[in-house]
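Here is what each chain is made of, one letter per residue.
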Amino acid sequence: MSYRTILLNLDIDRPVKPIANAAVELASQVGARMIGLCAAQPFLSPFAMRATSSAATSAMQQMYRDLEDRMEQVHQEFRAVAAGRVELEWRAEMSAPTEAIVEAARAADLIFMAATEGAHSGDSYGTADPAGVALRAGRPVLVAGSAANPIGGGKIVVCWKDTREARRAVADAIPLLSLARDVVVVSVSSEPDASLRKSNADVVSYLARHNVKARSHISKSVDETIGLLQFVDQSGADLIVSGAYGHSRLRELVFGGITRFLLDETARNRFMSS
């Protein structure tokens, strides 16, 4: 597998340059084109909605104009960073950002986004929700951390548990794993056994056949999630690869322990597939 197209989400009220630089650098390394996407929709407060019809209409029209102006500013900032470095496409959508990303994901191999507020942004009008994107897009999601660790060429920890989501994540991450200087496949169990060791060994062997040199690490811990988080904390990883375990219930996303941690983590780079 290779990444031929990367979809970069640019939240309308966040700085453009840091996330654009990171995404363009990765696209350059893997030879991918890039789609820049900025989406937002107007929001009228309940107070404004109670105003006269003409006043509400005027306020909504002004919001659309303001959003269009800001989207064009984001576009120009994005082009200033990326022009001449990778092939570019630009999309601006007057819709909820999460919905826009999920829809545009069909055109890309990888989604690249930031998440400075953790799993749920709390602002569905102007900020994309990485949790919703990870579970609904049908594409791997790379969530850039605030620590500015390198995406390619650093140390990658693969959080391994023999599930569909983890298998998908390992396969989806191969282009990134190929760039890494160090790849560790880590499993945690309260009672590590031969089956677990064979599972890890199979993953290491699978990666080797894709020209990724990886090593296995198995930790013993009464609580698998805590043990895995402790290893991640001590590893100095630049990127964490994992499956995204969760589902949507009554529009409220419910996650397993490691997925919840990785979504709420804001410093590290995280790669997730569902």
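Residues numbered from 1 in each chain as written. Predicted model: local features only at pLDDT ≥ 70, side-chain atom pairs only at ≥ 80, totals over all residues. Heavy atoms only, no water.

Student: Now, about the environment of Arg-215: what can you tell me, with residues and values included?
Tutor: In this structure, Arg-215 sits in strand β8 (residues 214-220). Sequence spacing of Arg-215 and Asp-182 is 33 residues, and the spatial spacing of their C-alpha atoms is 8.3 Å. Apart from the residues within four sequence positions on either side, Arg-215 is in contact with Lys-155, Asp-182, Val-183, Val-184, Val-185 and Val-204. Polar contacts involving the side chain of Arg-215 include one to the side chain of Asp-182, which spans 2.9 Å. (Helix = DSSP H or I, 4+ residues; strand = E, 2+ residues; numbered from the N terminus. Contact = heavy atoms within 4.5 Å. Polar contact = N/O pair within 3.5 Å; in protein donor to acceptor, adjacent residues only side chain to side chain.)

Student: Explain the confidence of the model for the protein chain to me, and be specific about the residues and the numbers.
Tutor: Parts of the prediction with low pLDDT should not have their coordinates interpreted in detail. Taken over all residues, the pLDDT of the protein chain has a mean of 88, while the share at 70 or more is 89%. Long-range and interchain partners of residues 249-255, a stretch whose pLDDT sits below 50, account for 19 contacts in this model, where long-range means more than four residues apart. (pLDDT = per-residue confidence, 0-100.)

Student: How would you summarise helix α4 (residues 97-104) if you had to cite specific residues and measurements?
Tutor: Burial within α4 is extensive, with six of its eight residues counted as buried. Along its buried surface, α4 packs onto β1 (5-9), β2 (33-39), β3 (88-93), β4 (110-114) and α5 (130-136). (Buried < 20%, exposed > 50% of the residue type's maximum accessible area, 1.4 Å probe, protein only.)

Student: For the sheet that holds β4, give the residues involved together with the corresponding values.
Tutor: The mixed open sheet is built from 10 strands, whose spatial order is β3-β2-β1-β4-β5-β12-β9-β6-β7-β8. Single-partner strands in this sheet number two, and they are β3 and β8. Strand-to-strand, the axes of this sheet are offset by a mean angle of 20 degrees, without reference to chain direction. In terms of strand pairing, strand β6 (residues 155-159) meets strand β7 (residues 182-189) through five bridges, oriented parallel. Residue pairing across strands places Val-158 opposite Val-185, the latter belonging to β7. On the sheet, helix α8 (residues 194-208) packs against β7 and β8 and is oriented at approximately 160 degrees with respect to β8. (Pairing = 2+ DSSP bridges. Axes fitted to C-alpha atoms, helices over the stretch in contact; angles between N-to-C directions.)

Student: Explain the pairing of β2 to me, and be specific about the residues and the numbers.
Tutor: Residues in a regular strand point their side chains to alternate faces of the sheet. In terms of burial, β2 is largely enclosed, as six of its seven residues are buried. Two strands pair when backbone bridges link them, and β1 and β2 are joined in this way by five bridges, in the parallel orientation. The residue bridging Ile-6 from the neighbouring strand is Met-34, located in β2. Regarding the hand of the β-α-β motif, the stretch spanning β1, helix α1 (residues 17-30) and β2 is right-handed. (Right-handed = clockwise from strand over helix to strand, strands pointing away.)

Student: Give me the packing of aromatic side chains: which residues, what numbers.
Tutor: Counted under the stated rule, the structure contains one aromatic pair. Residues Phe-78 and Trp-90 carry aromatic rings whose centres are separated by 5.8 Å and whose planes lie at 35 degrees to one another, so their mutual orientation is tilted. A residue pair is termed long-range when its members are at least 10 positions apart, and Phe-78 in helix α3 (residues 53-82) and Trp-90 in strand β3 qualify at 12 residues. Overall, the relative accessible area of 1% leaves Phe-78 in the buried class. (Phe/Tyr/Trp six-rings, centres within 6.5 Å; stacked < 30°, edge-to-face > 60°.)

Student: An account of the pairing of β8 is requested, with residue identities and associated values reported.
Tutor: Pairing of β7 with β8 involves seven bridges; the strand directions are parallel. Bridged to Val-188 within β8 is Ser-219. Chirality of the crossover, the property in question, places the unit of β7, α8 and β8 among those that are right-handed.

Student: I'd like a rundown of unusual backbone geometry, residues and numbers included.
Tutor: In the Ramachandran plot, Asn-211 falls in the positive-phi region, its phi being about 65 degrees despite a non-glycine side chain. In this structure, Asn-211 sits in the loop between α8 and β8. Among the residues examined, Asn-211 registers a relative accessible area of 72% and is labelled exposed.

Student: Got a sec to walk through the side chain of Ser-221? Specific residues and values, please.
Tutor: Inspection of the secondary structure assignment puts Ser-221 in the loop between β8 and α9 (224-235). Among the polar contacts listed, one links the side chain of Ser-221 to the backbone oxygen of Asp-223, at a separation of 2.8 Å. Setting aside anything within four residues of it in sequence, one finds Ser-221 in contact with Val-188, Ser-189, Ser-190 and Gly-227.

Student: How would you sum up the environment of Leu-26? Please name residues and give values.
Tutor: Counting through the fold element by element, Leu-26 comes out in helix α1. A C-alpha to C-alpha distance of 9.9 Å links Leu-26 and Gly-153, two positions 127 residues apart in sequence. In this structure, Leu-26 is in contact with Ile-6, Leu-110, Phe-112, Leu-142, Ile-151, Leu-176 and Leu-179, ignoring residues within four places of it in sequence.

Student: If you had to explain the nonpolar core to someone new, which residues and values would you point to?
Tutor: Ile-6, Leu-8, Leu-26, Met-34, Phe-112, Leu-207 and Phe-271 are the most contacted members of the largest nonpolar core, which has 88 residues in total. In terms of residues, this core owes the most to one element, α1, which gives seven residues. Residues within four places of Leu-207 in sequence aside, it is in contact with Val-170, Ile-174, Leu-177, Val-185, Val-212 and Ala-214. (Core = buried A, V, L, I, M, F, W, Y, C linked by side-chain atoms within 4.5 Å.)

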